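Here is what each chain is made of, one letter per residue.
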Amino acid sequence: MQTIGIQQILNIADWRSYWALCKPGVVALIVFTAIVGIFLASPGLPPLGIFVSATLGIALAAASAAAINHVVDQKVDAQMDRTEQRPLPQGKVSRTQALGFALLLGVSAMLILSLGVNGLTAVLTLLSLIGYAVIYTLYLKRATPQNIVIGGAAGAAPPLLGWVAVTGRVDPEALLLFLIIFTWTPPHFWALAIHRMEEYRQVDIPMLPVTHGLAYTRLQILLYTVLLFVVTLLPYGYGMSGTLYLAGTLVLNLGFLIYAVLLYRNVHISLPMRTFGYSIIYLMGLFALLLLDHYVPALQQWLA
């Protein structure tokens, strides 16, 4: 049997295809929330070595999971407008190359986290990778319309991983960060699922609008958005954040709630994607507020 070397796996001439396998846009959001978790767990600035190792390790693990997702969904991706231009359906990368690339990224991530951070972060990151790449992509996605709710646990892990990288333990604050993204995921993804409902129906993936209809899905988005409103107030109620976070979060939540209500009333055909787009801005804004609020006391002391 011919041995496949690293040069064959990573065809440098087509690095853009490997870059696309990593889903860089998704990984960027994951890394951002992980970085916020790192800073929130640190009274001052986090140790540079831990910051670099944790950020790199979590990013590589997320990219590995994304590459595996490309492999598992190759046939489905080829049938959907949203994904038909991905490297595997286009034949720019083979399944063997993609799997080899994913393995290389995953092993590198575990080594970096184990040696440069701590064992608990490495274990939790591995479980998160398996949760998304295997449990969600291979099973849940095709088994139940609640796929994104159950599988959302893997996507909600990054800020918790960042926290654990600094502290070496799972604290209540880390669980609050996890809970925010876990609650945010269904209204975020179901808005996209409404827009792409016929494509999901065509490939027989039981997304909620396919199995339960548009009206029910819109109602669930509204209910989850209300729940998210409550959940995002918990960091303030717990004493983890202050008035800057509270004020900013109320504004962001009001915006999300307006989108959810308009979507529920089916005001305009463009609303699902507009809601989806706002949900990304919402999450980035929320975590930016957490980060800024964390350093307000230090800034006030410096100004004084």
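As the structure is a computational prediction, the values presented were derived from the model and not from experiment. Position labels on residues start from 1 in each chain and follow its written sequence. Given that the model is predicted, a residue must reach a pLDDT of at least 70 before its local features are reported, and side-chain atom pairs must reach 80 or more before they are shown or counted; all residues, however, enter totals for whole chains, interfaces and linings. To get the side-chain values, take all heavy atoms of the structure and skip hydrogens and water.

A. Structural context of the packing of helix α8 (residues 147-155) against helix α10 (residues 172-195). Each axis is a line fitted through C-alpha atoms, taken for helices only over the stretch in contact, and angles between the N-to-C directions span 0 to 180 degrees. Note on conventions: DSSP H or I runs of at least 4 residues are helices, E runs of at least 2 residues are strands, and numbering of each starts at the N terminus. Axis separation between α8 and α10 bottoms out at 9 Å; the angle between their running directions is 130°. Considering the angle they form, α8 stands oblique to α10. Both α8 and α10 take part in a crossing whose hand is right-handed. Between α8, through Ile148, Val149, Gly152, Ala153 and Gly155, and α10, the contact on the second element is made entirely by Phe178, Ile181, Phe182, Thr185, Pro186, Phe189 and Trp190. Comment on the angle field: the value is read as roughly parallel under 35 degrees, roughly antiparallel over 145, roughly perpendicular from 65 to 115, and oblique elsewhere. Each crossing gets its handedness from the near helix: less than a right angle anticlockwise from the far helix is left-handed, clockwise is right-handed. Two residues form a contact once any of their heavy atoms are found within 4.5 Å.

B. Just α10, in detail. Here the expected span of a helix is defined as 1.5 Å times the quantity of residues minus one. Between the first and last C-alpha of α10 there are 36 Å, a value that for 24 residues agrees with the 34 Å anticipated at 1.5 Å per step. Here the bend at a residue means the angle between the axes of two seven-residue stretches, the one that ends at it and the one that starts at it. Of all the bends in α10, the largest measures some 30° and sits at threonine 185, one to four residues before the proline proline 186. Buried, partly exposed and exposed residues are distinguished by accessible area as a fraction of the type maximum, computed with a 1.4 Å probe on protein chains only: under 20%, between the cut-offs, and over 50%, respectively. Of all the 24 residues making up α10, 18 are buried; the element is thus mostly covered by neighbouring parts of the structure.

C. Summary view of helix α3 (residues 24-40). Helix length check: α3, at 17 residues, gives a terminal C-alpha distance of 24 Å against a target of 24 Å (1.5 Å per residue), a fit within 8%. Residues Val27, Leu29, Ile30, Val31, Thr33, Ala34, Val36, Gly37, Ile38, Phe39 and Leu40 constitute the buried set of α3. Considering only its buried residues, α3 is in contact with α4 (48-72), α9 (158-167), α10 and α16 (271-294).

D. Here's a closer look at the packing of α4 against α9. At a minimum axis distance of 10 Å, the contact between α4 and α9 shows a crossing angle of 145°. Relative to α9, the crossing made by α4 is right-handed. Between α4 and α9, the residues in contact are Ile50, Ala54 and Ile58 and Leu161, Gly162, Ala165 and Val166, respectively. Class assignment of the residues belonging to the contact of α4 with α9 gives a composition of six nonpolar, one polar and no charged. All residues other than Ala, Val, Leu, Ile, Met, Phe, Trp, Tyr, Cys, Pro, Asp, Glu, Lys and Arg, Gly among them, are scored as polar; the first ten of these are nonpolar and the last four charged.

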